[in-house]
Amino acid sequence: MDCLRLAGYKVISFDKISSTQSYAHDMIAQGTASDHMVIVAAAQYAGRGRYRRKWVSHHGNLYASFIFNSPERDPRLSYAVAVAIAETIISYGVNPQIKWPNDILVNHAKISGVLIEYVGRFVIIGIGINVHTNPTVPEYKTTRLDEYANVDVTDVMSRLVKNLDKFIKADFDIVRKRWMALAAGLNKLVKYRGEMVELIGVNDNGALVVRRGPEYLLVHGDEIMM
Ligand code: BTN
């Protein structure tokens with residue numbers, strides 16, 4: 001384990017651990033976590049994704065879990081994180097799309113995923129970005145950044161940290177507009193509770209707005225399938 005400071009963060013880094021996300025949970029449980037910490041690993045042997053899926057984590061990609069103070073849940077956070085990752089990818093001249101709420105796709109294949117978990121007075125933002133390898137998974141197509149640009153993981157991390165700081169602090173109106181400009185499936189039909197509805201956008205509080213016939217509905221959580 002190595003410990004250093006980078007751009008206002010206390011960085012704890014490993015060559016390989018089970019999961020940066022699980023390590024962040026352990027630190028919170030042990031009372032050793034604090035605001036602006038980030039756990040990074042070059043590889044994980046038990047990486048975790050959303051919906052209790054595995055996140056296959058070979059060497060060559062970015063695996064990081066950021067810890068921030070967060071006394072309350074904030075649904076707007078996940079949009080800021082998605083925009084920060086998308087802007088990081090755009091900075092290499094690549095055109096990503098955001099699939100609600102915060103999967104990042106390039107050419108319809110997943111390049112990055114985000115796992116946001118609230119624990120006590122903290123939030124853990126787990127980010128995986130495929131840089132030099134992309135796993136084959138049954139659920140969706142995957143890709144990696146070095147298929148499109150000359151990149152290295154350290155440089156991706158430093159751009160990501162800058163963008164996270166920028167968009168987490170930004171006015172939500174700016175984040176929301178950027179998210180909508182990059183969103184896949186906007187004004188298209190998506191599945192919500194077994195019915196097809198039109199994806200309209202995001203409101204001021206971070207709820208997704210969908211249209212079912214003449215009615216507009218607000219959707220919170222993970223209920224939309226694209
Ligand atoms: C998803 O299912 O799309 C979310 C994937 C999140 C993966 C990241 S990699 C760093 C952190 N550690 C984990 O075990 N998971 C998250």
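Residues numbered from 1 in each chain as written. Predicted model: local features only at pLDDT ≥ 70, side-chain atom pairs only at ≥ 80, totals over all residues. Heavy atoms only, no water.

Novice: Would you mind showing me how to read the layout of surface pockets here?
Specialist: Here the idea is plain: a probe the size of a water molecule rolls over the atoms and shows the empty space left. Considered as a void within the structure, the largest pocket measures approximately 790 Å³ in volume. Of all elements in the fold, only helix H1 (20–30), strand S4 (62–69), strand S5 (97–99), strand S6 (103–106), strand S7 (109–119), strand S8 (122–129) and strand S13 (224–225) reach the threshold of two or more residues within the lining of the largest pocket. The element best represented in the lining of the largest pocket is S7, accounting for five residues. For the lining of the largest pocket, the per-class residue count stands at 19 nonpolar, 13 polar and 10 charged. (1 Å grid on protein atoms, 1.4 Å probe; cavity = no way out; pocket = protein on both sides within 12 Å on 5 of 7 lines; lining within 4 Å. Points joined across faces, edges and corners; volume = space filled by probe spheres on them. Helix = DSSP H or I, 4+ residues; strand = E, 2+ residues; numbered from the N terminus. Nonpolar A, V, L, I, M, F, W, Y, C, P; charged D, E, K, R; others polar.)

Novice: How should the site of the ligand be read in this particular structure?
Specialist: Taken together, 20 residues lie around the ligand, and Ser19, Gln44, Arg48, Arg50 and Lys110 are the ones closest in. Thr20 is positioned with one of its side-chain polar atoms (N or O) 3.0 Å from a nitrogen atom of the ligand. Within the side chain of Lys110, a nitrogen or oxygen atom sits 2.6 Å from an oxygen atom of the ligand. Contact with the protein chains covers 99% of the free accessible surface of the ligand, which is 410 Å². Mapping the ligand onto the cavity grids shows that it belongs to the largest pocket. Those elements giving two or more residues to the shell around the ligand turn out to be H1, S4, S7 and S8. Classifying every residue of the shell around the ligand by side-chain character gives six nonpolar, 10 polar and four charged. (Near = heavy atom within 4 Å. Polar contact = N/O pair within 3.5 Å; in protein donor to acceptor, adjacent residues only side chain to side chain. Areas by Shrake-Rupley, 256 points an atom, 1.4 Å probe, with all protein chains shown as cover. Sits in = over half its atoms within 2 Å of the grid points.)

Novice: Just checking my understanding: could you explain the sheet that holds strand S1 (residues 2–6) for this structure?
Specialist: The strands that make up a sheet are held in pairs by hydrogen bonds between backbone atoms, and each pair lies either parallel or antiparallel. Taking strand neighbours across the sheet as the criterion, the eight strands line up as S1-S2-S3-S4-S8-S7-S6-S5 in an open arrangement whose pairing is mixed. Each end of this open sheet is capped by a strand with a single partner; those strands are S1 and S5. Adjacent strand axes in the sheet meet at a mean angle of 20° when their direction is disregarded. Pairing analysis gives eight bridges linking S4 to S8, with the strands arranged antiparallel. Bridge assignment links Leu62 to a residue of S8, and that residue is Ile129. Its contacts with the sheet place H1 against strand S2 (9–17), strand S3 (37–44), S4, S7 and S8, and it is angled at close to 145° to S3. Sitting on the sheet, helix H3 (residues 153–169) touches S1, S2, S3, S4 and S8, and the angle it makes with S4 is about 30°. (Pairing = 2+ DSSP bridges. Axes fitted to C-alpha atoms, helices over the stretch in contact; angles between N-to-C directions. Contact = heavy atoms within 4.5 Å.)

Novice: Before we go on, may I ask you to explain helix H2 (residues 77–90) in this structure?
Specialist: Along an α-helix, residues three or four apart share an orientation, since each turn contains 3.6 residues. Taking 1.5 Å per residue, 14 residues should reach 20 Å; H2 reaches 20 Å between its end C-alpha atoms and fits that length. Across the 14 residues that make up H2, a large majority, 13, are buried. (Expected span 1.5 Å × (residues − 1). Buried < 20%, exposed > 50% of the residue type's maximum accessible area, 1.4 Å probe, protein only.)

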